[in-house]
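Each chain, written out:
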Amino acid sequence: MFGRANVDFHGVSVATDLRKSGQALSRADNIDPDVMPSVERRSRLWVEVARGHLQRGDRTAALHVMGVACKISHETVAYTPSAREVAADLWRKAPRAFRDEAARLAEKVGVTGP
């Protein structure tokens, strides 16, 4: 299962870890998620894209992309620490127009608190 798409995914992930969001998003633009055989990797790709948008301060795009990741694999989002961090950040700081959507995502992922 370690093919070209998986290598490309790791390039996106490393770029977000290095806080090079422009590079991460550019790399992600060149990946066709439909050729990724693993549902987990497809979902994680979108989580990394959401992290890139969040690093750029675009919470609206991050929220949209996290919704895509959740649709692909709720379990991946719920049990991946970086995905949970993105969901928690969005829950706390989403634009007013999207607070309800961010709250639903955070609840679905299990990051809401008292």
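For the structure, check the block above.
Residues numbered from 1 in each chain as written. Predicted model: local features only at pLDDT ≥ 70, side-chain atom pairs only at ≥ 80, totals over all residues. Heavy atoms only, no water.

Q: Please clarify how the overall build of the chain should be interpreted in this entry.
A: Secondary structure summary: the chain contains seven helices and zero strands in total. For a compact globule of 114 residues, the expected C-alpha radius of gyration is about 13 Å, and the chain comes in at 13 Å, within 12% of that figure. Dimensions along the principal axes, computed over C-alpha positions, put the chain at roughly 40 × 25 × 20 Å. The buried share of the chain, reckoned over its 114 residues, is 46%. Taking contacts inside the chain between residues at least 6 apart in sequence as the whole, the part at least 24 apart equals 59%. Here the chain holds 18 positive side-chain charges and 14 negative ones, and the gap between their average locations is 5 Å. (Helix = DSSP H or I, 4+ residues; strand = E, 2+ residues; numbered from the N terminus. Rg over C-alpha atoms; globule rule 2.2 N^0.38 Å. Buried < 20%, exposed > 50% of the residue type's maximum accessible area, 1.4 Å probe, protein only. Contact = heavy atoms within 4.5 Å. Lys, Arg positive; Asp, Glu negative; His and termini not counted. Charge placed at Lys NZ, Arg CZ, Asp CG, Glu CD.)

Q: Please explain the pattern of salt bridges as it appears in this structure.
A: Side chains that carry opposite charge are capable of pairing whenever their charged atoms lie near each other. For the coordinates displayed, the defined rule picks out seven salt bridges. Residue D89 is joined to R59 by a salt bridge in which the shortest nitrogen-to-oxygen separation is 3.1 Å. In this pair, D89 sits in helix α6 (residues 81-93) while R59 sits in helix α4 (residues 59-72), placing the two residues 30 residues apart along the sequence. Linked through salt bridges whose partners overlap, the residues forming this network are D17, E48 and R51. (Salt bridge = Lys/Arg side-chain N within 4 Å of Asp/Glu carboxyl O.)

Q: Looking at this structure, how should I read the side chain of S82?
A: In this fold, S82 is placed in helix α6. Residues contacting S82, with those up to four places away along its chain left out, are V47, E48 and R51.

Q: Help me understand unusual backbone geometry, please; the structure alone is not making it clear to me.
A: Glycine aside, residues mostly have negative phi, and peptide bonds are mostly found in the trans state. Phi at R19 is positive, roughly 60°, even though this residue is not glycine. Inspection of the secondary structure puts R19 in the loop between α1 (4-17) and α2 (21-29). On the basis of relative accessibility, which here comes to 60%, the residue R19 falls in the exposed class.

Q: Explain the packing of α6 against helix α7 (residues 99-109) to me, please; I cannot follow it from the model alone.
A: Two quantities define a packed helix pair, namely the angle between the axes and the distance from one axis to the other. α7 packs onto α6 with a crossing angle of 145° between their chain directions and a minimal axis gap of 8 Å. When you trace α6 past α7, the crossing you get is left-handed. Across from R84, A87, L90 and W91 in α6, the residues of α7 making contact are A102, A103, L105, A106 and V109. Its residues assigned to classes, the contact of α6 with α7 shows eight nonpolar, no polar and one charged. (Axes fitted to C-alpha atoms, helices over the stretch in contact; angles between N-to-C directions. Left-handed = near helix turned anticlockwise from the far one by under 90°. Nonpolar A, V, L, I, M, F, W, Y, C, P; charged D, E, K, R; others polar.)

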